[in-house]
Amino acid sequence: MAGEFTAEELALAEPQRPEESTLEAWYMDDSQTDQRLPHKRVPNKPCPLEALRRLGVLSWRLDADRWESDPKLAAIRKVRGYSYTEVITISKDKLPGYEEKIKMFYEEHIHNDEEIRYILDGTGYFDVRDLDDEWIRINCGKGDMIVLPEGIYHRFTLDERDYIKAMRLFVGAPIWTPFNRPQEEHPSRAKYLAAFGGAAVAAA
Ligand SMILES: [Fe+2]
């Protein structure tokens, strides 16, 4: 497998290491107020990148002003097989059925595949569950690329700025189907727990 790529491509495609992380994440409070608010605990409980990595979440910091010619994005796509891309904009005036879609994105769900997003402009929150069933909120903005592994419980919301422009990537023909929780019998959930359940517990 590694022989198909140059050393440079493999190095460019490496996800962020914890010490170079620019991604801010925190454990959420349990208030039921507007989903677009940060929902930080008092005091704030940050979630370091190591903890996200143990849950299988990967991230990169890219130059969103030159994504069309960025060798780093090209290397990530090549090494990880992300053949499909499309760019979507989520805002009140750009997305038909905005209110319903925002509610749908915020339903806790899993997928049969990775969820891969590259933020080209704007901001938003990806929430993932840890193994104790706590919500971790990941603050994503322009230049952040994030991969949520197959089978992780997650959801998405815009923040109070109500605008994000993101590239969605996929291996092959895209399937965006969400499977709302509970999905304990779903093969992708079992696969996730086999890959990250034990490792995360052992490392805790
Ligand atoms: Fe999703």
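Thresholds applied
- Per chain, residues are indexed from 1 in the order of the written sequence.
- Confidence filtering applies because this is a predicted model: local features only for residues at pLDDT of at least 70, side-chain atom pairs given and counted only at 80 or more, and all residues used for totals across whole chains, interfaces and linings.
- UniProt positions are given in the numbering used here, feature names are shortened, and annotations may be inferred rather than shown by experiment.
- Going along the chain from the N terminus, every DSSP run of H or I of four or more residues is numbered as a helix, and every run of E of two or more is numbered as a strand.
- The burial criterion counts other C-beta atoms lying within 10 Å of a residue's C-beta, which is placed from the backbone; the residue is buried at 20 or more, exposed at 12 or fewer, and partly exposed between these limits.
- Placing a C-beta atom from the backbone of each residue, one calls two residues in contact when those atoms lie within 7 Å.
- Each nonpolar core consists of buried Ala, Val, Leu, Ile, Met, Phe, Trp, Tyr and Cys residues. Their C-beta atoms, within 7 Å, join them into a set.

Quick look at the UniProt feature "binding site: Ni(2+)" (unreviewed entry) in the protein chain
Residues given the UniProt feature "binding site: Ni(2+)" (unreviewed entry) here are His-109, His-111, Glu-115 and His-154. The greatest C-alpha distance among the residues just named is 11.3 Å, despite their covering 46 residues of sequence, which places them together in space. With respect to the element layout, His-109 can be found in strand β4 (residues 109-110). Take His-109: there are 19 C-beta atoms within 10 Å of it, and that puts it in the partly exposed class. According to the C-beta neighbour criterion, His-111 is buried, with 20 such atoms within 10 Å. Leave out the neighbours within four places in its chain, and His-111 touches Glu-150, Thr-177, Pro-178 and Ser-188.

Notes on unusual backbone geometry
Residue Val-42 is joined to Pro-43 through a cis peptide bond whose omega torsion reads -5°. Looking at the element boundaries, Pro-43 is found in the loop between β1 (24-27) and α2 (49-54). Not every positive phi belongs to a glycine, and His-39 is a case in point at roughly 55°. Summarising the element assignment, His-39 is placed in the loop between β1 and α2. Positive phi is not limited to glycine here, since Asp-162 has a value of about 55°. Take Asp-162: it is sitting in the loop between β8 (154-158) and β9 (163-170).

Overview of the UniProt feature "binding site: Fe(2+)" (unreviewed entry) in the protein chain
According to UniProt, the feature "binding site: Fe(2+)" (unreviewed entry) maps to His-109, His-111, Glu-115 and His-154 in the numbering used here. With near-sequence residues (within four places) excluded, His-109 lies in contact with Arg-155, Pro-178, Phe-179, Asn-180 and Arg-181.

Describing the nonpolar core
Core analysis: the largest hydrophobic core is formed by 35 residues, its most contacted members being Val-57, Phe-126, Val-128, Ile-138, Ile-146, Leu-148 and Ile-152. Among the secondary structure elements, those contributing two or more residues to this core are α2, α3 (71-80), β5 (115-129), β6 (135-141), β7 (144-148), β8 and β9. It is β5 that contributes the most residues to this core, seven residues altogether. In this structure Ile-146 touches Val-57, Ser-59, Arg-117, Phe-126, Ile-138 and Cys-140, once residues within four positions along its chain are discounted.

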